[in-house]
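Each chain, written out:
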Amino acid sequence: MKQFKMEENIIGLLFALIFALIHYFFVVRAMYFPPVKGLPLDFGVYPFDAPLILVYNLFIKKASLSFYRGFFTLFGTLMYLAIGAFIGSLFDRLLKKIKEEEEKEKEEIRL
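For the structure given in this document, a descriptive report is provided here. (Residues numbered from 1 in each chain as written. Predicted model: local features only at pLDDT ≥ 70, side-chain atom pairs only at ≥ 80, totals over all residues. Heavy atoms only, no water.)

Overview of the nonpolar core
Condition: Working definition of a nonpolar core: buried Ala, Val, Leu, Ile, Met, Phe, Trp, Tyr and Cys residues. They are joined through side-chain atoms within 4.5 Å. Note on exposure labels: buried denotes an accessible area under 20% of the residue type's maximum, exposed denotes more than 50%, and partly exposed covers the range between, all computed with a 1.4 Å probe on protein chains only. Here a strand is any run of E in DSSP of at least two residues, a helix any run of H or I of at least four, and the numbering for each starts at the N terminus. The contact rule is simple, with two residues in contact once any of their heavy atoms fall within 4.5 Å.
Ranked by internal contacts, the top residues of the largest apolar core, which has 13 residues, are Met31, Val45, Leu52, Tyr56, Tyr68, Phe71 and Phe72. Of all elements in the fold, only α1 (10-32), α3 (50-59) and α4 (65-110) reach the threshold of two or more residues within this core. The element that contributes the greatest number of residues to this core is α4, accounting for 5 residues. The residues contacting Met31, other than those within four sequence positions of it, are Leu41, Val45, Tyr68, Arg69, Phe72 and Thr73.

Right, dumping it as structure tokens:
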């Protein structure tokens, strides 16, 4: 198994953090502290957590408001962390390949 090295995956971690913050500001904060009086509870859930709505409706028939908030807070943040880490890892790989190509070119120039 490959060992995780933070310095090689810094962009993936950064993207994961940015995506989690986006989820926090647009969904979690709006659920717990609505910015406008009268704003529906699921204002941010429908556009941002659409895949989780499907899972929630399939498996959970009746739940309390606190469970609803907790479900979308926890699993939505985890979903955005995973998406951000995936996209960031793609950038990490791309930068690694670019760096390797540059090193090959420098090596060819030396010869």
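Structure's up, so let's keep going.
Quick word on α1
Rules: In this scheme, a helix's expected span is set at 1.5 Å multiplied by one less than its residue total. Bend is the name given here to the angle between axes fitted to two runs of seven residues, the run ending at a residue and the run starting at it.
Spanning 23 residues, α1 covers 31 Å between terminal C-alpha atoms, matching the ideal 33 Å at 1.5 Å per step. The largest bend along α1 reaches roughly 40 degrees and is located at Tyr24. Of all the residues in α1, the buried ones are Gly12, Ala16, Phe19, Ala20, His23, Val27, Val28, Ala30 and Met31. Packed against the buried residues of α1 are α2 (45-48) and α4.

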